[in-house]
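Examining the three-dimensional arrangement
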Amino acid sequence: MEPWHFTQTAPAVAGDPTGIVLDKGRRRVFLKLANAMHGCVFSVRTPSGATCCGLGDVAPASCRIFPAATKDGAPEVRPEPECDCREWKLEDLDQEALTEALRTWSADRDHWFEVVARWNALATESDEELGIEDFQRYLLEAQYAREAGAGWPEEVTV
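Bear in mind the structure is a predicted one, so any value in this text is a computation, not a measurement.

1. Some points on the overall build of the protein chain
- Secondary structure assignment for the protein chain yields three helices and nine strands.
- Traced from its N-terminal end to its C-terminal end, the protein chain shows the element sequence β-β-β-β-β-β-β-α-β-β-α-α.
- Scored against the burial criterion, the 158 residues of the protein chain give a buried share of 27%.
- Taking as baseline every contact in the protein chain between residues at least 6 positions apart, the subset at least 24 positions apart corresponds to 47%.
- Summed over its atoms, the accessible surface of the protein chain is roughly 10,500 Å², and 53% of this surface lies on carbon and sulfur atoms.

Below, the structure written as structure tokens:
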């Protein structure tokens, strides 16, 4: 399934490192997962009534570290207002696994910032009116290049 089927945009402020330039620089948005009636579109309710991520091992790092989050680079337990299953404490989490997950999350975040910055430079210089689907195609190409250990899509020559 293409990412434009499960994402949505919202306005981004100038200077936001996640702000994606569209339409020759006239719009700046950030990208997020679309919400369903019960929250994340990938949230699956099991027969017991519990919910879990339907993406499994390919879930984003920010989801895999649940219930942890980062604040200024330090781990913390994020509140989940819709979860009444238990109250998590940082001590409840496997610290070694959390440290590794946060390292992955940090690397993914830094890569995301670089993808957006490179896209924004390309989109600003383009003669075409590039939209969110164009960005998402670029994002997929950048991820394929990253996984293959290759350069950025605009650096690849045929």
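We are not done yet, so read on.
2. Quick notes on helix 3 (residues 132–148)
- Between its first and last C-alpha, helix 3 extends 24 Å over 17 residues, near the 24 Å set by a 1.5 Å rise per residue.
- Buried positions along helix 3 lie against strand 1 (7–11), strand 2 (20–22), strand 3 (27–33) and helix 2 (95–125).
- Gly149 sits one or two positions beyond helix 3 and adopts a positive phi of about 75°.

3. Things to note about the environment of Leu130
- Relative to the helices and strands, Leu130 resides in the loop between helix 2 and helix 3.
- The class of Leu130 is buried, set by a relative accessible area of 12%.
- A sequence separation of 107 residues divides Leu130 from Asp23, and the C-alpha atoms of the two residues are 5.2 Å apart.

4. Topic: the packing of aromatic side chains
- A full pass over the atoms with the stated rule returns four aromatic pairs.
- Ring plane angle 70° and centroid distance 5.1 Å describe the contact between Phe6 and Phe42, whose orientation is recorded as edge-to-face. Of this pair, Phe6 sits in the segment before strand 1 while Phe42 is found in the loop between strand 5 (39–40) and strand 6 (43–45), placing the two residues 36 residues apart along the sequence.
- Both rings, one in Trp112 and one in Phe135, keep their centres 5.7 Å apart while their planes meet at 90°; by these two values the pair is edge-to-face. In this pair, Trp112 sits in helix 2 while Phe135 sits in helix 3, placing the two residues 23 residues apart along the sequence.
- Grouped by ring-pair contacts, the aromatic residues Trp112, Trp119, Phe135 and Tyr138 constitute a single cluster.

5. Details of the side chain of Asp23
- Relative to the elements of secondary structure, Asp23 occurs in the loop between strand 2 and strand 3.
- Residues within four places of Asp23 in sequence aside, it is in contact with Glu129 and Leu130.

6. Some points on the nonpolar core
- Counting 15 residues, the largest nonpolar core has Ile20, Leu22, Val115, Trp119, Ile132 and Phe135 as the members making the most contacts within it.
- Sequence-distant contacts of Ile132, defined by excluding residues within four places in its chain, comprise Thr9, Ile20, Leu22, Val29 and Leu31.

7. Concerning unusual backbone geometry
- You will see that Asp23, though not glycine, has its phi angle at about 50°, which is positive.
- Looking at Asp23, the relative accessible area reads 17%, which means it is buried.
- Of note in the backbone geometry, Lys24 takes a positive phi value of approximately 55° without being a glycine.
- With respect to the secondary-structure elements, Lys24 resides in the loop between strand 2 and strand 3.

Parameters and conventions
Residues numbered from 1 in each chain as written. Predicted model: local features only at pLDDT ≥ 70, side-chain atom pairs only at ≥ 80, totals over all residues. Heavy atoms only, no water. Helix = DSSP H or I, 4+ residues; strand = E, 2+ residues; numbered from the N terminus. Buried < 20%, exposed > 50% of the residue type's maximum accessible area, 1.4 Å probe, protein only. Contact = heavy atoms within 4.5 Å. Areas by Shrake-Rupley, 256 points an atom, 1.4 Å probe, with all protein chains shown as cover. Expected span 1.5 Å × (residues − 1). Phe/Tyr/Trp six-rings, centres within 6.5 Å; stacked < 30°, edge-to-face > 60°. Core = buried A, V, L, I, M, F, W, Y, C linked by side-chain atoms within 4.5 Å.

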